[in-house]
Amino acid sequence: GLAPAPPPAPSSAWYDEGVAWCLEKGLMDPLADGDFRPEETATRAQTVEALWRSAGRPEPGAGIQGFTDVPAGASYEKAVLWAREQGVIQGNGNDDFIPEGILTREQLAVMLFRVLVKDDQGGAMGLAGYADSMEISSWAYDAMGWAVRAGLFIGTDSGELRPKDPLTRGALAVLPQRAAALPGRREG
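The structure reproduced in this document is the subject of the present report. (Residues numbered from 1 in each chain as written. Predicted model: local features only at pLDDT ≥ 70, side-chain atom pairs only at ≥ 80, totals over all residues. Heavy atoms only, no water.)

So, on to the overall build of the protein. For the protein, the helix and strand inventory stands at six helices and zero strands. Burial statistics for the protein: of 188 residues in total, 43% are counted as buried. Across the protein, contacts joining residues at least 24 apart in sequence account for 71% of those joining residues at least 6 apart. For the protein, the computed accessible surface area is about 10000 Å², with 53% contributed by carbon and sulfur atoms. (Helix = DSSP H or I, 4+ residues; strand = E, 2+ residues; numbered from the N terminus. Buried < 20%, exposed > 50% of the residue type's maximum accessible area, 1.4 Å probe, protein only. Contact = heavy atoms within 4.5 Å. Areas by Shrake-Rupley, 256 points an atom, 1.4 Å probe, with all protein chains shown as cover.)

A word on the pattern of salt bridges. In the structure shown here, the tally under the stated rule is eight salt bridges. A salt bridge links Glu59 to Lys78, with the shortest nitrogen-to-oxygen separation between them at 2.7 Å. Of this pair, Glu59 sits in the loop between helix H2 (44–54) and helix H3 (77–85) while Lys78 sits in helix H3, and the two are 19 residues apart along the sequence. With relative accessibility at 38%, the residue Lys78 sits in the partly exposed group. Taken together, the shared-partner salt bridges in this structure form one network comprising Asp29, Glu49 and Arg53. (Salt bridge = Lys/Arg side-chain N within 4 Å of Asp/Glu carboxyl O.)

Take Thr47: it is sitting in helix H2. Those residues in contact with Thr47, other than ones at most four positions away along the chain, are Ala42, Leu103, Leu108, Met111, Leu167 and Leu172.

As for its position among the elements, Ser137 is in the loop between helix H4 (105–116) and helix H5 (141–149). Using a relative accessible area of 15% as the deciding quantity, one classes Ser137 as buried. A distance of 2.7 Å separates polar atoms of two side chains, one belonging to Ser137 and the other to Glu106. Only 2.8 Å separates the side chain of Ser137 from the side chain of Lys164, close enough to count as a polar contact. Sequence-distant contacts of Ser137, defined by excluding residues within four places in its chain, comprise Glu106 and Lys164. (Polar contact = N/O pair within 3.5 Å; in protein donor to acceptor, adjacent residues only side chain to side chain.)

Time to look at the environment of Arg105. Relative to the assigned elements, Arg105 resides in helix H4. Residue Arg105 is classed as buried on the basis of its relative accessible area of 18%. The sequence separation of Arg105 and Arg162 amounts to 57 residues, and the corresponding C-alpha distance is 7.2 Å. With sequence-adjacent residues up to four places away left out, Arg105 is seen in contact with Met144, Phe153, Leu161, Arg162, Pro163, Asp165, Leu167 and Ala171. At a separation of 3.3 Å, a polar atom in the side chain of Arg105 contacts the main-chain carbonyl oxygen of Arg162.

Moving on: unusual backbone geometry. Located in the positive-phi region is Arg37, a residue other than glycine, with phi close to 50 degrees. On the secondary structure map, Arg37 appears in the loop between helix H1 (16–25) and H2.

To continue, consider the packing of H1 against helix H6 (residues 169–180). Between H1 and H6, whose axes approach to 7 Å, the crossing angle comes to 80 degrees. As judged from the angle between their axes, H1 and H6 are roughly perpendicular. In this structure, H1 contributes Glu17, Gly18, Val19, Trp21 and Cys22 to the contact, and H6 contributes Ala173, Val174, Pro176, Gln177 and Ala180. Grouping the constituent residues of the contact of H1 with H6 by class yields seven nonpolar, two polar and one charged. (Axes fitted to C-alpha atoms, helices over the stretch in contact; angles between N-to-C directions. Parallel < 35°, antiparallel > 145°, perpendicular 65-115°, else oblique. Nonpolar A, V, L, I, M, F, W, Y, C, P; charged D, E, K, R; others polar.)

In summary, soluble globular proteins display a tendency toward joint burial of nonpolar side chains. If you look at the biggest cluster of nonpolar residues, it comprises 53 residues, and the most contacted ones within it are Ile89, Leu152 and Phe153. When contributions to this core are tallied by element, the ones reaching two or more residues are H1, H2, H3, H4, H5 and H6. With seven residues, H6 is the largest single contributor of residues to this core. Excluding its chain neighbours within four sequence positions, the residues that come into contact with Ile89 are Val48, Phe67, Val80, Ala83, Arg84, Phe97, Met111 and Arg114. (Core = buried A, V, L, I, M, F, W, Y, C linked by side-chain atoms within 4.5 Å.)

Below is the structure:
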C-alpha cells in the first residue's frame, strides 16, 4: 500500500516570530477567545497598550487629563494616559480616544516616531523605491521615511508600503521586536 502522507509542515508567516516575541514579553495579549488572530485589525487601544508595554509600562503623571470614552480601570487606561502625556496621541477633538477604532499603517508610523525619535532630519529619504509612496499623507511623510530607513516598515513583496491600510495585529506584533533592535534601544 501507499505510505501515509506526511503531516503538513507548520505554516511560517512573516509575523510568526514577532507574535511569539510579543507574547513571551507580555507586550500583547491573545484575544478573549485565546487566539491571537494576526490578520485581524488592531484597535487603537491594543496599539497604544502595546507601545506602552514596550516602553516598560511607565506610570503616567498624576495630572494627565483622561479621555471621556476611556473608562476608569480599563486595561489600557494607563497606556492611553501615558501616550497622551508623551504627545503620542491627541484624541479626536471631542476629547474621545475611540479605543475600538482602527489605525492605518501611516498613523502607527507617526506614533512610533513620536515615541522613539522626536527628531529626525532624514525626511522622506528612502521612500522613492516604493510604488505607492505618493499615497502617504503629508503629515506622515517624515515618520514613514524614518520607519522605512530604520527597518521598521519593510513593505510588501510587491514593493508597496500600503500607508492607508488598516493596521493588523500581526503587523503591530513585529514592530516592538524590530524597534528593540534599533541602535540605543534597550529590549523592553
